[in-house]
Amino acid sequence: MTVSDTRFVHVGRTVANWGDAVVEPIVLATTFLRAADGSYPSGYEYARDGNPNRAYLERAMANLEGGVEAAAFASGMAAALAIFQTLRPGDHVVVSDDCYFGVREALQHDFTRWGLDISFVDATNLDAVAICTRRNTRVLFVETPSNPFLRVCDIAALANIAHSCHAVLVCDNSLATPVFQNPLLLGADFVVHSTTKYINGHHDAQGGIVVSRESSERWESIVRLQKTLGAVPSPFNCWLSSRGLPSLPCRVRQQSASASVIASHLDKHRLVDRVLYPGLASNASHQVAIGQMSGFGSVFSFLVSGGGTEAKIVTAASRLLLQATSFGGAESLIEHRASVEGAGTNVPQNLIRVAIGLEDVNDVIEDLDRALHAIQ
Ligand SMILES: *Cc1c(COP(=O)(O)O)cnc(C)c1O
């Protein structure tokens, strides 16, 4: 006797009782049941439009950033660029000149072709930002702290400038995390994250998110773009990203404490010309950072004595710090930033970017000292 195909399809199916699990289950379903009257009792219809794991991540991030709603994307790039996709040809935007290089390149190469008018500006210079704004400026987009230069711009002051010309302020908060900085509470209208970094926290899921301070037409259009353009994260990646949230405060405080010690150590090192880290009292951004952040994060850069050759020798000589891009996970990473960004980079050849992980701080210092020793 053969088993009917119908049984293969329906075997084992239970009602949605997941054994009262303490953590969220992963719901991989791409489609959800309608009731007899055609409604969707679960609130979900089709996975691209929404699913339980994405909704959980969005609710959590909206709450943690002090916003009303959030929209998760397949990457930080997709999240950041969704903001610009709400604009029309001829609209003008002001963008900080040291924002994430991928965003800068996409705007220059692709969005200008669609008629977007872009001014890049040093966002730490408020007068320069104000001079750039025009009647048709719609968006002021900044990243603070920026990377790899770790400049901090004044979010509250920039929100005033944006609002005085009826533009919105968008703040990429990937480096600070909602643990150390809440741009929406300082007046920003949207926060963007690459959740690939600290939110996920384990170097194992790509993702991005936009959080909105209030409902608005622009927010509605971001949500529409999320669903129609379809650059959405999988349920599994949403699950991996929200899995990082409970440990986020512990992780970033520990990483930031280690980064402070290591940055101070390198600041005194004879083979290091300069350390770029807002946590150092001598840093040009230190005062602004103290005013709006409760911690400085664990990414910093340093200029090694010499040029690109010396910087590459140091990154290749490190052992504990893995030679790879990104930040936010348990593993400390080191990179020669100019060669990651490639042609068109504005990063000096002797700049090394470091992301401190969760190893013992003394082991990281020992590894960096040994790596630096390779150039003398
Ligand atoms: C990594 C990063 C992005 C891009 O995010 P992806 O997830 O790699 O697409 C955007 N902004 C900042 C500050 C980043 O560090």
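Details of the structure are given in the entry above.
Residues numbered from 1 in each chain as written. Predicted model: local features only at pLDDT ≥ 70, side-chain atom pairs only at ≥ 80, totals over all residues. Heavy atoms only, no water.

Looking at the sheet that holds strand S3 (residues 117-121)
(1) Moving on: With mixed pairing, the seven strands of this open sheet are ordered in space as S1-S7-S6-S5-S4-S2-S3. With one partner strand each, in any of the chains shown, strand S1 (69-73) and S3 form the two edges of the open sheet. Shown here is a sheet whose adjacent strand axes are inclined to one another by a mean of 20 degrees, direction ignored.
(2) Moving on: With five bridges connecting them, S1 and strand S7 (residues 208-212) associate as antiparallel partners. Within S7, the residue paired with Ala 71 across the bridge is Val 210.
(3) Moving on: The sheet contacts of helix H4 (residues 101-111) involve strand S2 (92-96), S3 and strand S4 (137-143), and relative to S3 the element is tilted by about 145 degrees.
(4) Moving on: Along the sheet, helix H6 (residues 155-164) contacts S4 and strand S5 (168-172); its crossing angle with S5, the most-contacted strand, is approximately 150 degrees. (Pairing = 2+ DSSP bridges. Helix = DSSP H or I, 4+ residues; strand = E, 2+ residues; numbered from the N terminus. Axes fitted to C-alpha atoms, helices over the stretch in contact; angles between N-to-C directions. Contact = heavy atoms within 4.5 Å.)

Description of the nonpolar core
(1) Moving on: Grouped together as the largest cluster of nonpolar side chains are 41 residues, with contacts concentrated most on Leu 140, Val 142, Leu 158, Leu 169 and Val 211.
(2) Moving on: Elements that contribute at least two residues to this core include exactly helix H2 (52-65), S1, helix H5 (126-132), S4, H6, S5, S7 and helix H10 (248-267).
(3) Moving on: Counting residues per element, this core draws most heavily on H6, at five residues.
(4) Moving on: Excluding its chain neighbours within four sequence positions, the residues that come into contact with Val 211 are Met 61, Ala 62, Glu 65, Gly 67, Glu 69, Ala 70, Leu 184, Asp 189, Phe 190 and Val 191.
(5) Moving on: Formed by 32 residues, the second largest nonpolar core is a distinct cluster that contains Leu 266, Leu 280, Val 314 and Leu 372. (Core = buried A, V, L, I, M, F, W, Y, C linked by side-chain atoms within 4.5 Å. Buried < 20%, exposed > 50% of the residue type's maximum accessible area, 1.4 Å probe, protein only.)

As for the packing of aromatic side chains
(1) Moving on: In total, this model carries nine aromatic pairs according to the counting rule given.
(2) Moving on: For the pair Phe 84 and Phe 111, a centre-to-centre distance of 6.3 Å together with 75 degrees between the ring planes defines the contact as edge-to-face. Residue Phe 84 is located in helix H3 (residues 76-85), and its partner Phe 111 is located in helix H4; the two are separated by 27 residues in the primary sequence.
(3) Moving on: Phe 84 sits in the buried class, given a relative accessible area of 2%.
(4) Moving on: On the basis of relative accessible area, Phe 111 is assigned to the buried category, the value being 13%.
(5) Moving on: Taking 5.3 Å as the distance between ring centres and 55 degrees as the angle between the ring planes, the aromatic pair formed by Tyr 100 and Phe 101 counts as tilted.
(6) Moving on: An aromatic cluster is built from Phe 84, Phe 111 and Phe 141, whose rings are joined through pairwise contacts.
(7) Moving on: Lying over the aromatic face of Phe 149, Arg 151 brings its terminal NZ or CZ to 4.9 Å of the ring centre. (Phe/Tyr/Trp six-rings, centres within 6.5 Å; stacked < 30°, edge-to-face > 60°. Lys NZ or Arg CZ within 6 Å of the ring centre and 35° of its normal.)

What about the side chain of Gln 181?
(1) Moving on: Residue placement: Gln 181 occurs in the loop between helix H7 (177-180) and strand S6 (190-194).
(2) Moving on: Within the structure, the side chain of Gln 181 is placed 3.0 Å from the backbone oxygen of Thr 144, a separation counted as a polar contact.
(3) Moving on: The residues contacting Gln 181, other than those within four sequence positions of it, are Glu 65, Thr 144, Ile 155, Asn 173, Ala 176, Gln 292 and Met 293. (Polar contact = N/O pair within 3.5 Å; in protein donor to acceptor, adjacent residues only side chain to side chain.)

A look at the environment of Thr 137
(1) Moving on: Looking at the secondary structure, you find Thr 137 in strand S4.
(2) Moving on: For Thr 137, a relative accessible area of 1% translates into the label buried.
(3) Moving on: Sequence separation between Thr 137 and Val 93 is 44 residues, and the spatial gap between their C-alpha atoms is 5.4 Å.
(4) Moving on: Those residues in contact with Thr 137 that lie beyond four places of it in its chain are His 92, Val 94, Cys 132, Cys 165, His 166 and Ala 167.
(5) Moving on: Of the polar contacts made by the side chain of Thr 137, one reaches the side chain of His 92; its length is 2.7 Å.
(6) Moving on: Engagement of the side chain of Thr 137 in a polar contact is seen with the backbone nitrogen of Arg 134, the distance being 2.7 Å.

Some thoughts on the pattern of salt bridges
(1) Moving on: According to the stated counting rule, one finds twelve salt bridges in the structure shown.
(2) Moving on: Among the salt bridges present, the one from Arg 151 reaches Asp 98, with a minimum N-O distance of 3.0 Å. With a gap of 53 residues between them, Arg 151 in the loop between S4 and H6 and Asp 98 in the loop between S2 and H4 connect regions that are remote in the sequence.
(3) Moving on: Here Glu 341 and Arg 104 are joined by a salt bridge, their closest N and O atoms 3.8 Å apart. One end of the pair, Glu 341, is in helix H13 (residues 337-341); the other, Arg 104, is in helix H4, with 237 residues separating them in the sequence.
(4) Moving on: By sharing partners, the salt bridges in this structure join Arg 104, Glu 335, Arg 337, Glu 341 and Arg 353 into a single network. (Salt bridge = Lys/Arg side-chain N within 4 Å of Asp/Glu carboxyl O.)

Considerations on the pairing of S6
(1) Moving on: The buried count for S6 comes to five of five residues, which makes it a mostly enclosed element.
(2) Moving on: Strand direction decides the pairing type here: S5 and S6, joined by three bridges, are parallel. Note on S6: the bridge partner recorded for Val 170 is Phe 190.
(3) Moving on: Judged from the five bridges that link them, S6 and S7 form a sheet pairing that is antiparallel. Paired with Phe 190 across the strands is Ser 212, a residue of S7.

A closer look at helix H14 (residues 361-373)
(1) Moving on: In this model H14 runs 18 Å from its N-terminal to its C-terminal C-alpha over 13 residues, within 8% of the 18 Å that 1.5 Å per residue would give.
(2) Moving on: Of the positions making up H14, those classed as buried are Val 361, Val 364, Ile 365, Asp 367, Leu 368, Ala 371 and Leu 372. Summarising the axial view, the buried residues of H14 lie within an arc of 165 degrees, below the 170-degree limit, and thus occupy one face. Those residues of H14 that are exposed and aimed more than 90 degrees away from the buried face are Asn 362 and Glu 366.
(3) Moving on: On its buried side, H14 packs onto H10, strand S8 (272-276), strand S9 (299-304), helix H12 (308-317) and strand S11 (333-336).
(4) Moving on: The residue sitting at the N-terminus of H14 and contributing the capping side-chain oxygen is Asp 360; that oxygen lies 2.8 Å from the backbone nitrogen of Asn 362. (Expected span 1.5 Å × (residues − 1). Arc of directions from axis to C-beta.)

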